[in-house]
Amino acid sequence: MKSSAIKTMQGYLALTVYLYTQISVCLRTVDCLIGKAAYIIPESPVIALGSQLTASCILNDSFIKENKVDANQIFWNLKGMRISEDNYHTVNSTVSNVTLRLYSVGNSLLTCNVQLNEDQVLTVFGIQITTGLPPEKPKNLSCITYDRKNMTCSWNPGNNTYLPTSYQFKVLIAPNNLKSYPLPEGVNNSYAVLFPSIHYFVFNTIWVEVKNDLGNATSDSLQLDPVDVIKPDPPVITSIQQIKNMSTVLSVKWKKPSVPATYNLKYILRYKIVGSPEWMQVPPEDTDTQKESFLIQELKPFTDYVFTIRCKRNDETGYWSDWSLEKIGKTPEAKPLRGPPIWRTVENLDFSKRKIHIMWKELEKSDANGVILKYKMIIKKSSMNTKTIETTKLGWNITVSDGEYEVTLSASNSAGDSPTEILILPAVTESAFLPVQNVSAYPQDGQLMVEWKPSSSAVSGYVIEWCEESIKNLCPGPLFWQTVQKTARKVFIKDNIMPFKRYRITIYPMYQGRPGAPLSKLAYLQQDRPASGPLVRLKNVGKKDVTLMWSEIPVNEQRGFITHYTIFYRNCIANETSPSIVVDAMCREHELTSLKGNTLYGVRVMASTVKGGTNSSEVNFTTLSYAKGEIEAIVVPICLSFLLITVVTILFCFNKRHLIKKYIWPNVPDPANSRVVEWSPSTGNLIQNNLGPKESMNSDGFISDVTIVEADVDEEKYLSNEDEIKQLTSLKKEKSTSEEHSSGIGGSSCMSSPRQSVSDSDSESAQNTTSTVQYSTVLVSSPGYRCQQPSAQAFTRSESTQPLLENEEKADEHTYGNFGSCSSEVKRLYFKQHARIEETNLNEPHPNGAEILGDTNEDNSLRLNQMEVSDQTSDLEGFCPAVDSFQSSNNQTVVKLEFLGFRAGLETDQQSYMPQAVKHNSYMPQSK
């Protein structure tokens with residue numbers, strides 16, 4: 001209830017204010033209500049920032065009737081944004097109030113709007129609200145008088161009001177002499193009263209008034225005499241002059257500014273070297289006189305100086321003038337303060353000759369004290385050996401021997417010569433003095449700082465030498481150097497230093513002009529990652545490991561110190577990346593292990609500095625299928641096993657050679673290679689020509705493994721009588737009825753073999769054509785042959801798996817039956833296997849034993865092939881055709897008759913044998 005009553009009273013109050021306003025407006029405008037739908041009061045308010053404003057919107061009656069609306073349908077917008085309905089208050093059907101508080105300065109648009117229907121809104125009126133601040137009291141009012149120009153007063157106006165604000169500058173000279181000066185638009189903190197209106201030697205009361213729509217303010221008043229606040233014009237420097245024979249003194253002259261006659265001034269004179277940031281000044285008490293000049297001393301010779309001056313009233317009232325315009329003066333030349341810094345490089349041509357390059361630097365301007373006209377250098381080896389050189393250059397080449405030399409250097413200008421600088425060139429054999437210690441170099445403030453520790457107190461100075469190392473341990477570029485005082489422990493190197501370049505810095509301690517031993521250090525002004533990666537190669541590829549090698553990156557591409565290398569590798573087949581491996585910067589080789597065999601890998605090596613790393617190009621390799629020695633571990637045992645098996649097999653075969661011989665390679669004698677032994681029928685002994693003593697073939701007197709084979713011959717042709725034919729016939733019958741093959745000499749059994757003779761019968765041959773044909777042939781010489789004594793009978797044997805062919809039999813007939821005048825008879829005989837020597841009528845053993853080709857220890861019978869005897873004709877008288885060769889086919893074994901105790905080693909002229917018939921049905925050896 002109370003709030004509604006308050007709102008009602010506010011509404012009536014607003015209406016009363018509105019009516020009063022409207023009446024006053026209508027007095028000025030007759031048709032104020034004609035054509036308007038509504039009004040807002042106040043119409044153009046100005047309010048202080050943060051204060052509250054209540055506005056009323058009053059609808060016209062005609063508008064209400066025409067549109068059938070009332071004040072309940074009014075809503076308010078501020079700056080286009082709808083105001084909350086909580087701030088509305090409807091007074092009656094025609095008046096709606098809104099209460100709001102503004103917190104932003106400037107102008108804001110407030111509109112009254114009517115909701116005619118759901119879709120139509122009408123803005124019936126709007127006002128501009130101005131928000132600002134009331135003016136603050138001006139503070140810190142002060143004035144400065146510029147003689148015969150103006151008096152300028154200034155103050156602090158305070159905060160901005162954001163409203164149109166007016167300022168009035170007021171000066172009260174006498175009680176009845178008040179002058180007001182409005183400030184120009186846009187000016188709010190100062191005002192200048194021009195000279196004619198200034199009153200010297202009279203106190204002036206000065207203040208400032210300010211006002212705007214929200215209020216007004218007045219500053220504190222200031223009382224002053226304009227002459228006491230004068231700021232004089234700066235003096236003018238007229239000249240700067242040199243003093244004769246005084247290279248460190250300059251005379252400065254100036255002209256004082258225009259001031260009142262009773263106004264005494266004092267001055268401050270300051271100066272500095274051209275280009276220097278620091279000023280030096282003459283104290284004011286030194287210039288507190290009426291003079292208008294001053295001598296400045298202790299200046300540097302041949303140096304440009306800048307001078308400036310200002311002034312002020314000497315009783316400390318008023319203000320200091322501005323500084324005068326600067327003026328430059330130069331001191332005269334003087335002798336150079338010191339000699340040029342000197343250094344050298346040494347090139348040893350040989351042990352006794354050195355090429356020396358002496359070099360020096362220009363003096364600083366502060367040390368040169370003038371223009372250097374020439375340099376004078378004296379090279380002295382001894383008091384009698386000196387050389388003087390005068391030049392304007394900064395270097396000189398000399399060639400000296402291996403001894404010690406002293407070089408002195410001085411500079412000259414128009415005022416005289418400088419002190420000399422000394423450089424000692426030690427002898428080649430002289431030991432160098434101690435070097436410095438603990439050299440370090442590091443970047444600092446964009447420069448390279450070099451720091452060291454002295455090793456001796458006798459050091460007179462230092463020489464810092466540096467060069468760009470573009471090749472490892474080599475500086476092909478120019479050499480730079482500078483001298484340092486003996487008290488220095490560190491120095492900046494800022495000249496001829498570039499980032500990302502490696503520099504070799506060397507420090508030489510100087511001992512009264514004699515260089516000590518050098519000590520070097522590598523350094524970078526600024527580092528970066530390498531420009532390129534290392535070059536990677538494969539040293540050794542195994543099954544599960546690989547050895548990598550990489551070359552060092554060239555110095556000019558390292559761009560920093562290499563701190564470490566990182567190895568990245570991956571399985572290209574499985575696309576698996578293995579963990580990286582970090583190795584030391586000194587390493588150039590590394591072995592990767594635990595790899596998979598027969599697998600493709602890719603590997604990269606990254607070289608890193610403190611700023612980052614750069615990868616090499618990827619290198620691919622395939623691991624081996626077998627490790628080193630793995631194939632040998634497989635092959636060698638196999639080969640050894642095979643060799644062992646082979647050796648065992650050979651040994652076994654050698655041990656069982658008679659079985660292998662029997663079943664695989666049986667002995668087949670070659671009749672062509674047999675020996676025909678002469679048999680003496682009269683003594684029954686074997687006679688062997690030209691041989692050594694007879695030896696027994698067997699200690700028990702048995703002849704082993706002799707196979708008796710049957711030779712089919714024409715009995716009627718070759719047997720001489722019927723007894724022999726009968727004897728042969730009876731032997732054949734006996735053989736055919738026996739279980740074993742047997743033959744006898746003197747009727748004894750020789751062998752037991754189931755094989756059948758070829759000559760037994762035709763039916764037997766037809767039944768088994770592949771059976772062994774066992775035969776023997778005894779060739780007997782005719783006793784009455786004209787060319788030789790009755791010779792021993794020749795005995796041959798052969799084993800064959802085939803019977804004698806017809807042509808072979810005929811060949812035998814031809815061979816044994818046609819010997820020219822030497823007739824012979826052939827008898828068919830059988831020899832017994834395993835017969836004793838006694839049974840063969842061999843009284844003595846053969847001297848050389850039996851010569852057997854093949855295995856003679858077999859249990860089975862030896863198989864002999866038919867002996868083929870060539871028909872030869874001898875042109876020599878006294879010799880008969882002889883059988884000089886026996887052709888042996890495959891599977892033949894030759895058994896020589898020496899095995900039976902017959903003579904075998906005949907002379908060349910006795911190696912033809914012919915069979916001879918022996919009567920009494922037996923064969924007996926014959927002697928010559």
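Residues numbered from 1 in each chain as written. Predicted model: local features only at pLDDT ≥ 70, side-chain atom pairs only at ≥ 80, totals over all residues. Heavy atoms only, no water.

1. Remarks on unusual backbone geometry
Short version of the rule: Where helices and strands are cited, they refer to DSSP runs of H or I of at least four residues and of E of at least two residues respectively, numbered from the N terminus.
Residue proline 42 is reached from isoleucine 41 by a cis peptide bond, and omega for that bond is 0 degrees. Backbone geometry places asparagine 140, a non-glycine residue, at a positive phi of 55 degrees. Unlike most non-glycine residues, asparagine 473 shows phi in positive territory, near 60 degrees. Looking at the element boundaries, asparagine 473 is found in the loop between strand S35 (461-468) and strand S36 (480-485).

2. Points about the nonpolar core
Heads up, the rule is: We define a nonpolar core as any set of buried Ala, Val, Leu, Ile, Met, Phe, Trp, Tyr and Cys residues linked to one another through side-chain atoms lying within 4.5 Å. A 1.4 Å probe rolled over the protein chains alone gives each residue an accessible area, and that area as a share of the maximum for its type sets the label: buried under 20%, exposed over 50%, partly exposed in between. Contact between two residues is taken to exist if any of their heavy atoms lie within 4.5 Å; hydrogens are not considered.
Membership of the largest hydrophobic core comes to 41 residues, with the highest contact counts inside it found for Trp155, Phe169, Ile206, Val252 and Phe307. Leave out the neighbours within four places in its chain, and isoleucine 206 touches Leu141, Cys143, Met151, Cys153, Phe169, Lys170, Val171, Asp220, Ser221, Leu222 and Leu224. Judged by nonpolar contacts, the second largest core, of 29 residues, contains Tyr39, Ile40, Leu59 and Tyr88.

3. Comments concerning the environment of leucine 116
Examined against the element boundaries, leucine 116 turns out to sit in the loop between strand S8 (106-115) and strand S9 (121-132). Setting aside anything within four residues of it in sequence, one finds leucine 116 in contact with Phe63, Asn67, Val69, Gln73 and Leu122.

4. With respect to the packing of aromatic side chains
Put simply, the test is: Whether two aromatic rings pair depends on their centres lying within 6.5 Å, for rings of Phe, Tyr and Trp, where Trp uses its six-membered ring; planes under 30 degrees apart make the pair stacked, over 60 edge-to-face, and the rest tilted. Sitting over a ring, as applied to charges here, requires NZ of Lys or CZ of Arg to be within 6 Å of the ring centre and within 35 degrees of the ring normal.
Going through the model one piece at a time under the given rule, you end up with 18 aromatic pairs. Cluster of aromatic residues (ring-pair linked, three or more members): Trp155, Phe169, Tyr181 and Tyr191. Sitting over the face of the ring of phenylalanine 75, arginine 82 holds its NZ or CZ atom 4.0 Å from the ring centroid.

5. Structural notes on the sheet that holds strand S1 (residues 38-41)
Where strands meet in a sheet, backbone hydrogen bonds hold them as pairs that are either parallel or antiparallel. Which entries qualify depends on this criterion: When DSSP finds at least two bridges between two strands, those strands are taken to pair. Note on definitions: angles span 0 to 180 degrees between N-to-C directions of axes, and those axes are lines fitted to C-alpha atoms, for helices only across the stretch in contact.
The strand order across the open sheet built from four strands is S1-S3-S7-S6, with neighbouring strands paired in antiparallel fashion. Among the strands making up the open sheet, the edge pair consists of S1 and strand S6 (88-90). Taking the axes of each pair of neighbouring strands and ignoring which way they run, one obtains an average angle of 20 degrees across the sheet. In this sheet, strand S7 (residues 95-101) lies alongside S6 in antiparallel orientation, the contact comprising three bridges. Counterpart to tyrosine 88 in the pairing with S7 is valine 98.

6. Considering the sheet that holds strand S23 (residues 304-313)
Spatially, S21-S20-S23-S24 is the arrangement adopted by the four strands of the open sheet, whose pairing is antiparallel. The sheet terminates laterally at strand S21 (280-282) and strand S24 (327-330), the two strands that pair on one side only. Recorded for the sheet is a direction-independent mean angle of 30 degrees between the axes of neighbouring strands.

7. Focus on the environment of arginine 270
Locating arginine 270 in the fold gives a position in strand S20 (residues 265-273). When near neighbours in sequence (up to four residues on either side) are disregarded, arginine 270 contacts Trp279, Met280, Gln281, Val306, Phe307, Thr308 and Trp323.

8. Brief notes about the pairing of strand S33 (residues 437-444)
Working note: regular strand, side chains alternate between the two faces of the sheet. Two strands pair when backbone bridges link them, and S33 and strand S34 (residues 447-453) are joined in this way by six bridges, in the antiparallel orientation. By the bridge assignment, tyrosine 442 is partnered in S34 with methionine 449. Where S33 folds back on S34, the antiparallel hairpin that results is connected by two residues, among which aspartate 445 adopts a positive phi of roughly 55 degrees.

9. A word on the state of the cysteines
What counts is decided by this rule: Any two cysteine sulfur atoms within 2.5 Å of one another count as a disulfide.
Inspection of the entire model under this criterion finds three disulfides. Across a sulfur-sulfur distance of 2.0 Å, cysteine 57 and cysteine 112 are joined as a disulfide pair. Taking the sign of the S-S torsion, about -85 degrees here, the bridge from cysteine 57 to cysteine 112 comes out left-handed. Separated by 55 residues along the polypeptide, cysteine 57 in strand S3 (residues 52-59) and cysteine 112 in strand S8 bring together distant segments of the chain.

10. Some details on the pattern of salt bridges
Short version of the rule: Whenever a carboxyl oxygen of Asp or Glu lies within 4 Å of a side-chain nitrogen of Lys or Arg, that contact is scored as a salt bridge.
Applying the stated criterion across every chain yields a total of 22 salt bridges. In this structure, glutamate 404 engages arginine 514 in a salt bridge whose closest nitrogen and oxygen atoms are separated by 3.1 Å. Linking glutamate 404 in the loop between strand S29 (395-400) and strand S30 (405-413) with arginine 514 in strand S39 (residues 514-515), this pair joins segments that are 110 residues apart in sequence. We classify arginine 514 as buried; its relative accessible area is 16%. Between arginine 559 and aspartate 528 there is a salt bridge, and its shortest N-O distance comes to 3.2 Å. On the criterion of sequence distance, the pair formed by arginine 559 in the loop between helix H4 (555-558) and strand S43 (564-571) and aspartate 528 in the loop between strand S40 (519-524) and strand S41 (536-541) is long-range, its members being 31 residues apart. For arginine 559, a relative accessible area of 24% gives the class partly exposed. Residue classification places aspartate 528 among the partly exposed positions, given a relative accessible area of 24%.

11. Here we look at the environment of tyrosine 508
Note that tyrosine 508 resides in strand S38 (residues 502-511). Between the C-alpha atom of tyrosine 508 and that of glutamate 465, which follows or precedes it by 43 residues, the distance is 7.9 Å. Once residues lying within four places of it in the same chain are set aside, the contact partners of tyrosine 508 are Trp343, Arg344, Gly461, Tyr462, Val463, Glu465, Pro515, Gly516 and Pro518.

12. A closer look at the pairing of strand S49 (residues 619-622)
By the alternation rule, side chains of S49 split into Val619 and Phe621, which are all buried, and Asn620 and Thr622, of which none is buried. The pairing of strand S47 (residues 600-609) with S49 spans four bridges and is classified as antiparallel. Along S49, the bridge assignment pairs glycine 602 with asparagine 620.

13. Quick notes on the confidence of the model for the protein chain
We count it as follows: Residue-level confidence of the predictor is what pLDDT reports, using numbers from 0 through 100.
Overall, the predicted model of the protein chain reaches an average pLDDT of 75, with 69% of residues at or above 70. Every residue in residues 22-34 scores below 50 in pLDDT, and together they form seven contacts with partners more than four places removed in sequence or on other chains.

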